[in-house]
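The residues making up each chain are set out below.
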Amino acid sequence: MTTPTTLSDRIFEHPIQELTYDKVADYLRSATLFQDSLLILPDRPRFQVSYGSAIVDIEVSNWAFHPWNAEREMAIVTASSCVTQGSLLTPELSQYLLKENRRMRFGGFQLDENFNIWFAHSILGGEHMDLTELQSCILAVVTIADNYDDALVKEFGGQRSIDINLSA
């Protein structure tokens, strides 16, 4: 594993991660859907965008343990959104999320250590990262988070993440 270096005030573990970051940044800066809400985190290879009631984190990370040659540097782009916070984790909620995951074509629901409900999707970054795949990754997360937050709160309680962030 390489030692992290600071490049342009951002920390990257290798040039492929930086290349991927630059491609994602170019897309987000030019995407009219996200231009007004784009937040670039200055100290991490991460962005934040919002759409409707969804706040989406987009992170470019090193893929350290992959199935190919250990010498090969690879990066991953992960878009994730905290859909609800404080929903009561019941067997019914767990079953609902698992059933919905089976229907998803891109990404899936997850629980964090505080049992907040997230939706996330990842793609492979790098030189050959496809713009359509990047768009689909981000838009899948935006769409699912924006469409499911109200239904989850109504059925299982808690709050939409946007409501907690607006009151903070």
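Note that the structure is predicted; figures quoted are calculated from it, not measured.

Some thoughts on the environment of Ile55
With respect to the helices and strands, Ile55 occurs in strand β5 (residues 54–62). Along the chain, Ile55 and Ser80 lie 25 residues apart, while their C-alpha atoms are 8.5 Å from each other.

So, helix α2 (residues 91–103)
In this model α2 runs 19 Å from its N-terminal to its C-terminal C-alpha over 13 residues, within 8% of the 18 Å that 1.5 Å per residue would give. Looking only at α2, the buried set comprises Leu93, Leu97 and Glu100. The buried residues of α2 occupy one face: seen down the axis, they fall within an arc of 65°. Turned more than 90 degrees away from the buried face of α2 sit Pro91, Glu92, Leu98, Lys99 and Arg102, all of them exposed.

Re the confidence of the model for the protein
Reading fine detail from the predicted coordinates is not recommended where pLDDT is low. Of the residues in the protein, 88% reach a pLDDT of 70 or more, and the chain-wide mean stands at 88. Note that residues 1–7 has pLDDT below 50 and, in this model, 15 contacts with residues that lie over four places away or in other chains.

Regarding the nonpolar core
Within soluble globular proteins, side chains that are nonpolar generally end up buried alongside one another. Core analysis: the biggest nonpolar cluster contains 36 residues, and Val24, Leu28, Ile58, Phe109, Ile138 and Leu152 have the highest contact counts within it. Broken down by secondary-structure element, the contributors of at least two residues to this core are α1 (15–30), β4 (46–51), β5, β6 (75–85), α2, β8 (117–124) and α3 (131–156). Looking at this core element by element, the count peaks at 10 residues for α3. If we ignore the near neighbours within four places in the chain, the residues touching Leu28 are Phe34, Gln35, Leu38, Phe47, Val49, Ile58 and Ile138.

The rules behind these values
- Residues numbered from 1 in each chain as written.
- Predicted model: local features only at pLDDT ≥ 70, side-chain atom pairs only at ≥ 80, totals over all residues.
- Heavy atoms only, no water.
- Helix = DSSP H or I, 4+ residues; strand = E, 2+ residues; numbered from the N terminus.
- Expected span 1.5 Å × (residues − 1).
- Buried < 20%, exposed > 50% of the residue type's maximum accessible area, 1.4 Å probe, protein only.
- Arc of directions from axis to C-beta.
- pLDDT = per-residue confidence, 0-100.
- Contact = heavy atoms within 4.5 Å.
- Core = buried A, V, L, I, M, F, W, Y, C linked by side-chain atoms within 4.5 Å.

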